[in-house]
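Chain residues, written in single-letter form:
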Amino acid sequence: MSQLRSIIALLIALTFTFALVPLAGSLTFYPNGNQAIPYQVPTKLSYSLSVFNITKAGNITKPSLIESAFVNYEVVNLNGTWVKVNVSSNYTAVKNVTFVEPGSYTVNYAMSPLNMSYPYLYPGYMSNSTSYAIESNVSTVILSFISSSKNNVTGQVTYQYSEILPESFTFSVMPSGVIQSINRTVSGLEFVMNLTNYQLSNELQPTNFTSRPGYVYVNMTYSNFSATYQPSGYVEYVYPALLPGNILLMLQYNINELNAFPLGGFTSLNDRPVNFVIQVGTPITLNTNFINNVNGSLTWNSLKLSYVGNVTKTVQGTTYNLEEYTSKVTRGNITFATATVYALKNMVVEVNYNQTFPSFSSYKLEFINGSYINPSLHFPYLTGYQNTTLPYEAINPSESFTIAVVVTLIVIAILVILHRR
């Protein structure tokens, strides 16, 4: 009987393990393209603020309450992603630490998330990654997901994060982006701010920047050994949403082809490893895979382009009628490199960047038509097989491997028990 119970316990444990997977599914790890989901921003926020003095006696930490205050935020104007907010509080600085300061502020909640003048996190910035960044030309924030919790009475879900840069603190946030609590320690003082009341705006509707969920390019670098260009990796441009006020969210994944790792891979920011970086700006300020045309001045990736003409060209198996552009990279009076860019309605299809003498710095970037790489997948799927006429579905290697291992373990456990009998 005890052996039978062991088998049942094993099966229950495995079932529970698989049941845990959807719990993390409330948040995605890697952001995907075309996620223009309606959202709301807070128009009124009320918090209680408690300040504790932290003392240590041996291994025991003793907090003692030294000040209680309120902090209120009221939005008086909302324009695009800009908010004008009035902040009121009866907090008085302790040990010259200004945790919050009353006044009138203008904040861009997309470009400057988690600003203490307007504590809010756009829902599209939430991920269950333990290290990722949100970067704009005015702010760089690195976040780490900790956990999620659910109130059994209200059913309200909250997510717990820690901010690593530019400040160090922990906070909990609702799915709407409203910050529920902030906990920060400064100069031996612990500041705890808890939400007491809030109001939300009417729904705001972002749009999709493009019609595709992503744009995949093969990166080819020059090989001195073969004197040809060889594939060295894949790059994917992804645009989750275009927010009101023409604020674009963009990610550039350097596709990772290591076994047992997701294809979205990883990168670094400010010498810190992160899974990905959400770049925030306008379609003009971000280095997208589209040519910018500002008052007749054509640029791409900081290269000034000159129009050459139209050309028919086959790129990665697809024939296009493309516009050809050229650019010269000069140092003083010396031409250091030349770049030729081929585009289809401003979308970059091919880039040839050649130094005066071909080297490892020379490269080609070629668009793979009809392809999209889900950054969360753990196996290569680069060409996107599109045949939907098959009478069966293709096998998912990751799931198949997991099921095979689990079933094998169960069979072995049963055989061992029977053998002992």
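Just so it is clear, the model here is predicted, and its values are computed rather than measured.

Novice: Just to check I follow, could you spell out the overall build of the chain for this structure?
Specialist: Regarding its fold elements, the chain presents 2 helices and 24 strands. Among the 421 residues that make up the chain, the fraction classed as buried is 41%. Long-range contacts, defined as pairs at least 24 residues apart, comprise 53% of the intrachain contacts of the chain with a sequence gap of at least 6. For the chain, the exposed surface amounts to about 22,800 Å²; the carbon and sulfur share of it is 55%.

Novice: Teacher, can you tell me more about the side chain of T210 here?
Specialist: Turning to its location among the elements, T210 is positioned in the loop between β10 (189-200) and β11 (215-223). A polar contact of 3.4 Å, which involves the side chain of T210, links it to the side chain of Y215. Among residues more than four places away in sequence, those in contact with T210 are N34, Y215, Y239 and F290.

Novice: Hey, could you run me through the pattern of salt bridges in this one?
Specialist: Opposite charge on two side chains permits pairing when their charged atoms draw close. Applying the stated criterion across every chain, the model contains 2 salt bridges. Salt-bridge contacts for K313 lead to E350; the nearest nitrogen and oxygen are separated by 3.7 Å. One end of the pair, K313, is in strand β20 (residues 303-315); the other, E350, is in strand β23 (residues 347-355), with 37 residues separating them in the sequence.

Novice: Any chance you could explain unusual backbone geometry here in plain terms?
Specialist: What you tend to see is this: most non-glycine residues have negative phi, and most peptide bonds are trans. L165 connects to P166 through a cis peptide bond whose omega is 0°. Its identity as a non-glycine residue notwithstanding, N34 has a phi of 55°, on the positive side. Relative to the helices and strands, N34 is located in the loop between α1 (2-20) and β1 (42-57). One non-glycine residue, N295, lies in the positive phi region at around 55°. Among the secondary structure elements, N295 is positioned in the loop between β18 (292-294) and β19 (297-300).

Novice: So what exactly am I meant to see when it comes to the nonpolar core here?
Specialist: Side chains that are nonpolar tend, in soluble globular proteins, to be buried together. If you look at the biggest cluster of nonpolar residues, it comprises 69 residues, and the most contacted ones within it are L49, Y91, L121, Y161 and F171. Contacts of L49, omitting those with residues within four sequence positions, involve E67, S68, A69, V71, Y91, F99, V100, F191, V192 and M193. Of all hydrophobic cores here, the second largest spans 31 residues; its members include V235, L298, Y353 and L365.

Novice: Could you clarify how one ought to interpret the confidence of the model for the chain in this entry?
Specialist: Detail in the predicted coordinates should be disregarded across regions flagged by low pLDDT. Of the residues in the chain, 86% have a pLDDT of 70 or more, and the chain-wide mean is 86. Scored below 50 in pLDDT, residues 1-25 makes 12 contacts in the model with residues more than four places away or belonging to other chains. For the stretch residues 381-388, pLDDT sits under 50, and the model shows 12 contacts to residues farther than four places along the chain or on other chains.

Novice: Just to check I follow, could you spell out a nonpolar patch on the surface for this structure?
Specialist: Judged by side-chain polarity, I403, V407, V411, I414, L415 and L418 come together as a nonpolar surface patch covering roughly 510 Å² of accessible area. Relative to the helices and strands, L418 resides in helix α2 (residues 397-420). Of the residues examined, L418 reaches a relative accessible area of 49% and is grouped as partly exposed.

Novice: Looking at this structure, I do not really get the pairing of β23. What am I missing?
Specialist: The element β23 is largely enclosed, with a buried count of 8 among its 9 residues. Where strand β22 (residues 334-344) meets β23, 8 bridges bridge the pair, whose relative direction is antiparallel. From the neighbouring strand, Y342 faces β23, where its bridge partner is E350. Between β22 and β23, which pair antiparallel in sequence order, lie 2 residues; one of them, K345, sits at a positive phi of approximately 50°. Where β23 meets strand β24 (residues 363-367), 4 bridges bridge the pair, whose relative direction is antiparallel. Looking at the pairing, V351 lines up with L365 of β24.

So, how was this worked out
Residues numbered from 1 in each chain as written. Predicted model: local features only at pLDDT ≥ 70, side-chain atom pairs only at ≥ 80, totals over all residues. Heavy atoms only, no water. Helix = DSSP H or I, 4+ residues; strand = E, 2+ residues; numbered from the N terminus. Buried < 20%, exposed > 50% of the residue type's maximum accessible area, 1.4 Å probe, protein only. Contact = heavy atoms within 4.5 Å. Areas by Shrake-Rupley, 256 points an atom, 1.4 Å probe, with all protein chains shown as cover. Polar contact = N/O pair within 3.5 Å; in protein donor to acceptor, adjacent residues only side chain to side chain. Salt bridge = Lys/Arg side-chain N within 4 Å of Asp/Glu carboxyl O. Core = buried A, V, L, I, M, F, W, Y, C linked by side-chain atoms within 4.5 Å. pLDDT = per-residue confidence, 0-100. Patch = residues over 30% accessible without salt bridge, like charges linked within 9 Å, V, L, I, M, F, W, Y side chains within 5 Å. Pairing = 2+ DSSP bridges.

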